[in-house]
Amino acid sequence: MRLLVSWLKDFVDVPGSADEIAGTLGLRGFEVAGIEPAGPGDAVIDVEVTANRPDCLSVIGLAREIATAYGLPLRTPAADPDAAIALAAAPAGGADRVQVIDEDAALCPRYAAAVAEVIPVATPAWMAGRLQAAGIRPISAIVDLTNYVNVELGQPMHAFDLARLAGGTIRIRRARPGETIRTLDGVARTLEADMLVIADADRAQAIAGVMGGADSEVTGSTREVVFESACFDPASVRRTSRRLQLKTEASIRFERGSDPGAPVMALRRAIALMQQMCAGRLSGPIVDRYPSPRERRRLRLRRARVKLLLGATPPDAEIVRILEGLGLEVAAAGGGWDVAAPTFRVDLLREADLIEEVGRHYGLDRIEPTFPPAMTPTPPPDPRIARDRLVRRLLTAAGLSEAVSFGFIEARAAAAFAPDGGPDAVSIANPLSAKFDTLRASLVPGLVDALAHNRRHGLRDVRLFEIGARFAASGETRGVAVAWTGNAGSEHWSGGGRDVDFFDVKGLVEQICAALGAEIRCVPAATPFLVAGQTAAILGPQGQAIGLLGVVAPAAADRRGLPRQDRVVVGELNLDALDAIGVPAADRTRPLPRHPAVVRDLSIIVPDALPAATIRGTMQAAAADLKAPLAGTALFDRYQGQGVPEASVSLSIRLTFQAPDRTLTDAEVQQSVEQILAALVREHGAVRR
Amino acid sequence: MALPDAADVQVEVARFEAELARAASPREAQAARDRFLGRRNSVVASWMQTIASAPPEQKKQIGRLANELKQAVEERWRRYAAGAEAAARPAGAVDVTLPGRARPLGHRHPLTVVRDQMEEIFSRMGFALVEGPEVEDEWHCFDALNMPAEHPARDMQDTLYLASPVAGDAGAPGDRRTLLRTHTSAMQIRYMLAHTPPIRIVVPGRVYRRDDLDLTHTPAFSQIEGLVVGEGISLADLKGTLAAFARDMFGTGSRLRLRPSFFPYTEPSAEVDISCWKCDGAGCAMCKRTGWIEILGCGMVHPAVFEAVGYDPERYTGFAWGIGIERVAILRYQVEDIRLFYENDLRFLEQFPH
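Note that the structure is predicted; figures quoted are calculated from it, not measured.

Student: Looking at this structure, I do not really get helix α2 (residues 26-37) of chain B. What am I missing?
Tutor: Because each turn of an α-helix spans 3.6 residues, side chains separated by three or four positions end up pointing in the same direction. Residue and element names in this part refer to chain B. Over its twelve residues, α2 extends 16 Å from the first C-alpha to the last, a length consistent with the 16 Å expected when each residue adds 1.5 Å. The set of residues buried in α2 consists of Ala 29, Ala 32, Phe 36 and Leu 37. Seen along its axis, α2 keeps its buried residues to an arc of 110°; they face one direction. On its buried face, α2 is in contact with α1 (6-22), α3 (43-53) and α4 (56-87).

Student: In this structure, what is going on with α3(B)? I would like to understand it.
Tutor: Where α3(B) is concerned, the buried positions are Val43(B), Val44(B), Ala45(B), Trp47(B) and Thr50(B). In this structure, the buried side of α3(B) is in contact with α1, α2 and α4 of chain B.

Student: Explanation requested: the side chain of Glu572(A) in the structure shown.
Tutor: Residue position: Glu572(A) is located in strand β27 (residues 568-574). Separated by 2.7 Å, the side chain of Glu572(A) and the backbone nitrogen of Leu443(A) make a polar contact.

Student: In this structure, what is going on with the interface of chain B and chain A? I would like to understand it.
Tutor: Accessible area lost during the coming together of the parts is what is often quoted as the interface size. Contact residues are listed per partner, giving 95 residues for chain B and 93 residues for chain A. Scanning the region where chain B abuts chain A turns up six salt bridges. Here Arg259(B) makes a salt bridge to Glu31(A), at a shortest N to O gap of 3.5 Å. Between chain B and chain A we count 45 residue pairs in polar contact (both at pLDDT 80 or more) in total. Of the residues in the side of chain B that touches chain A, the class split is 49 nonpolar, 20 polar and 26 charged.

Student: Before we go on, may I ask you to explain the pattern of salt bridges in this structure?
Tutor: Pairing between side chains becomes possible if they bear opposite charge and their charged atoms approach one another. Residues and elements named next belong to chain B. Per the counting criterion, the structure on display carries 83 salt bridges over all chains. Taking the shortest distance from any N to any O, the salt bridge between Arg 108 and Asp 116 comes out at 2.7 Å. An identical accessibility class is assigned to Arg 108 and Asp 116; each is buried. For Glu 119, the salt bridge goes to Arg 115, with nearest N and O atoms at 2.6 Å. One end of the pair is Glu 119 and the other is Arg 115, both in helix α5 (residues 110-124) and four residues apart, which spans about a single turn. Accessibility expressed as a relative area gives 1% for Glu 119, which makes it buried.

Student: How should I be thinking about the domain arrangement of chain A in this particular structure?
Tutor: According to the domain assignment, chain A contains domain 1 (2-70), domain 2 (99-289), domain 3 (297-366), domain 4 (383-581) and domain 5 (598-688). Between the C-alpha centres of domain 2 of chain A and domain 5 of chain A the distance comes to 93 Å.

Student: In this structure, what is going on with the sheet that holds strand β22 (residues 462-472) of chain A? I would like to understand it.
Tutor: To summarise the sheet geometry, strands pair through backbone hydrogen bonds and adopt either a parallel or an antiparallel arrangement. All names here are of chain A. Pairing within the open sheet is mixed, and its seven strands lie in the order β19-β22-β23-β27-β26-β25-β24. With one partner strand each, in any of the chains shown, β19 (401-402) and β24 (521-524) form the two edges of the open sheet. Strand direction decides the pairing type here: strand β26 (residues 545-552) and β27, joined by five bridges, are antiparallel. If you follow Leu 549 over to β27, its bridge partner there is Gly 571. Sitting on the sheet, helix α15 (residues 502-515) touches β23 (475-485), β24, β25 (530-539), β26 and β27, and the angle it makes with β27 is about 20°.

Student: Hey, could you run me through the pairing of strand β9 (residues 292-301) of chain B in this one?
Tutor: In the case of a regular strand, side chains alternate between the two sheet surfaces. Residue and element names in this part refer to chain B. Of all ten residues in β9, eight are buried, a share of seventy percent or more. Looking at chain direction, strand β8 (residues 266-275) and β9 are connected through eight bridges and run antiparallel. Bridge pairing in β9 places Ser 275 opposite Trp 292. Here β9 pairs with strand β10 (residues 317-324) via five bridges, running antiparallel. Bridge pairing in β10 places Gly 297 opposite Gly 322.

What counts and how
- Residues numbered from 1 in each chain as written.
- Chains lettered and ligands numbered in written order.
- Predicted model: local features only at pLDDT ≥ 70, side-chain atom pairs only at ≥ 80, totals over all residues.
- Heavy atoms only, no water.
- Helix = DSSP H or I, 4+ residues; strand = E, 2+ residues; numbered from the N terminus.
- Expected span 1.5 Å × (residues − 1).
- Buried < 20%, exposed > 50% of the residue type's maximum accessible area, 1.4 Å probe, protein only.
- Arc of directions from axis to C-beta.
- Contact = heavy atoms within 4.5 Å.
- Polar contact = N/O pair within 3.5 Å; in protein donor to acceptor, adjacent residues only side chain to side chain.
- Salt bridge = Lys/Arg side-chain N within 4 Å of Asp/Glu carboxyl O.
- Nonpolar A, V, L, I, M, F, W, Y, C, P; charged D, E, K, R; others polar.
- Domains from an automatic or database assignment.
- Pairing = 2+ DSSP bridges.
- Axes fitted to C-alpha atoms, helices over the stretch in contact; angles between N-to-C directions.

Structure follows, in C-alpha cells:
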C-alpha cells in the first residue's frame, strides 16, 4: 500500500516527517519497504500490509493506526459537504434506474449500486496526482473516482456503462458452465461454474470482485453509469482470482475480507467526489441489497488475560484509549471490558486478537523480559540427533566434508541412480523447475553432482558425505551417503599415495555400523549405476536391506559430468534401518582374560573366487569341536602372483586361541590348527603353503 | 691500543655471546670462540700482550682482567657447547618439522555448524531437541496451524505438493503425506498431540518452498522451531528466552526489538530484530544502516492451535518461533550468495570448523 502523506493528513493532523511516520508504522506492525519523495513537502510511504489487515489497504485504515499511535483524533467521512472527507446525502425516493437481483447472498452478502448521468470532464490534477502517487494510472474521471475511493476507504468499486447492460439489469449469480467474458485487460476468459459473476439480463459483465468486463466498460461515449459498491465472499474471490491468475486492486482487498458496512458509505463518497468534480449527476436512489446485515462482533476482554498473555499490565485507561482509537466500542464490565469490533476489522475474532491490539499499541518494547521457569526436567534429545552427530564426527575425522543438497533432484538424475530403474520415485506435482521435480530416493546423486562440481573446479581429491532424508512411496527415511574420488590418503613425503578403492569406502561403512552397534555383511550385488563386480549390498543379520556400496560406473559418472576415467566410490546406509538392528553396548564389562592367548599363523592357497566370508564361516564352524577355543581369526595377507597357481590366491590367516580357565598347551593348539586346516582342505581344497 | 679496564670485560663477554647467538653452524661458533680465546690474535691474547707495554703499577691489574675475561668467555663457551651437543642429531633422529602422516580432517557444513551451536544454546536453556518428518499432510502443516483451506499460504505457488502420496510413520493406515512441509511448525502439532504440557522443545529441520533458486532464495532451507507451552507463559517470557539466546549466539551486548507482525498460528505475532553485531546498532552495510537485523518470526501460540491439538487454551498459553538457519549463516559468515551453501564446493566447505 503506497501511502501519500498529504492524503493521510486529510484524516489526521499528524506532526513529524515521513520518516517518523514510517518508523511509527513499523513498530505497530506495518513494515515499511521504502519512502519516496512526492513533490514539495510530501512523500509516499510504501507500507507492507499483512494479510490479516485488509482494512489497512486504505488511507483511512492507516490513518486510524497513526491517530491511535499518536493519540490524535481521526476525521471520519461525514455527510457535511465541508468535511474533509465529505459524503453525499443519501438520496431517497425515485424509482430504481437499475434492477439489482442478488441470487447468491452467500458469495455476495451486500450489493449497493447507484446510477448517474455522466458529464464529460477531465480528472482534476489533484486527484490524478494522488492516484499516481498510490501507483494507479489515471484513466477517465468516472473510473478514477472509483479508484480514488478504493485507495481512500478500501472499498473497491466498479462502474458499468448502463446502456450496455441488457435489460437494465444487474444479476449477481454463478457463472454458467463454459461461460466466457472479455475482461477489461482485453483477455477472453472462460469461467467455471462456481465463479461469481455480475451479469446483465443476458450474460456476465464482470467477474465479481476481480475485474470488470470490456463490453460494459465506461468509455468516452458513455451517457449513464452504474456504480457498483459491494461485498464479496473472500474465499470465492481468492479461488476465482487464483484460478484465472488474475490479481487486481479489487481482488487483493476482497480476498482478505472487505467491510460489509462500507459499500453504501463508499458509494456516497464517490457521489460526493463526482459532484465536486462536476463529473456527473445522480439519477436515482442508492440501491442496497443487504439481506442479513452483519452484526459487529462482540468480544470480552479480561484484564487478567491481558496480563497473562503479555506479561505486562498496561493501565486500564490506555487499554480503553487504544481500542477506542482503533474504532472499537468499549464498555467496562467486571474484571475487564465488553468490546464491539467494527465490521471493517475482519481479523478481530477472539480475545487474543484484542490483546494483540493492546500489545501492538502499548508497545512490545515496553514489556520487561522474563525467563520462563522450567517446571519439569528436560527430556533427552531425539536419539536421531545424537546418532547423526556421531556419524558426522566419524566421517569428518576420516577426512570427509559434509555436503548439503536439496531434497529433490531432476528426474533424469533420480532415474540414473535408482537401484531398480526408479519406478518408485516420488515426483513433485508442481515443480518450479525440471531440475527439482523428483524427491530424492537416495543421497548418492546429489553427492555425485557435488563431486562433479568440485572436479570441474580443478579439485582432485574430493571426499564428501551427506546425512539427510530420502523419500519413497513407502515413506521417508534418513540416510548417510559418502562419495570419494582421488587419493585414498593424503599426499605424503613418505609415499603411500594411491587412488581410493572399494575397500576404503567399505571401511567407512564398517566403522559407522560398528559405532552404531550394528552387525552387517556385504554380499555381491548388481545395480545399473555401479560397476559390475565392484558392488555390494549391505545387509543386516537377518538379511535386512541396510545400504549399497560400490564403484560408480563410468557411464553414470559421465552422465553427471564427472570425468569418465575418475574412480568414484560411493556408499549409502539407511540410518533408520541401522537403528533397528543396532545393539547397544553391554552395560557390564567382561573380566580381563587371566590366561594368555596363543597366536598361530596359517597360510593356505585356495581358488581366488572363494569369498573371504565363506572361509571365515568354515573356520568358525570347525571351531566348535576344537580343544583350544578359537577366539578370533584375522586375514592379514592376500597374495596372487609368482609362486601361486593361476586362479588361486594365497591367504595368511592369524588364528588366536584362548581359554578362560587354563593356559593352553602347545599340543592342543597344534591339534586345533590342524583341525581348522583339515576343514579348509575338505571344504575348499585348500593347500597349506 | 688503549689499556683494557673493568667495563671492557663486560663489553667483550657480551660481544662474544652475541657472536655465538649469530653463529649458524658449529664451524662459525668455533671461529667465534677462536676469535676470543685463540692463542694468537684473539681478544684474550691481545690483552695479555698489552701487559708487556703497560705501566708497571697496572700490569697486575691488567693481568687480572685478562684472566677474568678468559674465564668468563670459557664459561660461556662451555655452556654453549653443552647446548649444541644436546641439539645435535643422535642416531635415528627424525626431522620433527616434517609434516605428520594423517588423513586431513573433514569439515562440518556451515549450516550444521550454526545448527549445532543453536541446539547447544537451547539445550542449555532446558529445551528438548526434537525432529520431525519432511513430508507432511495438509492438516499438520496448515489446518491445525489455523490456516484453513483458502489461506494464501496454501496457494500452489508457495507449497510443493507430491504427485503421489508417501506413507507416513510406521505406515499407519490413512497416514498419507502429500506435501513437503513449508515450515517446521508442523512438528509443533505432532509433538503437542503426543505430549502434555509443560512443553519446551526446539525442532531443527529442513523445509521447502516453491521458490526459484537465486542469490537470496532456495527451494529448500533449514529452520529451528521453538515451542514453549505451560501455565502462565507470557510474551515477556518469549522476549526473555530470545534475548538470552541472542546474547549467547550473537554476543553479550545483543539487544532485541519486537515488531508486531502476522502469522496465522500465533497471536500476538512479532518479527524479531537483533542489534547489529557488527556495528552494535550504529548502522553499517550489513544491517543496511538500520542498526537492526531481522532474524526470526515469533508469537504467542494461537488459541485455535491449542484447540486443534485438544489443549484447553484457557489453561495453557505458550510461545513459538522459527529461525532461518541459512539467514543466520549468511549474516554470520558474510556469505553473498545463498547458493554457496548447496554447491558443496570444498573450497567453501573447508573454511568451516571440523
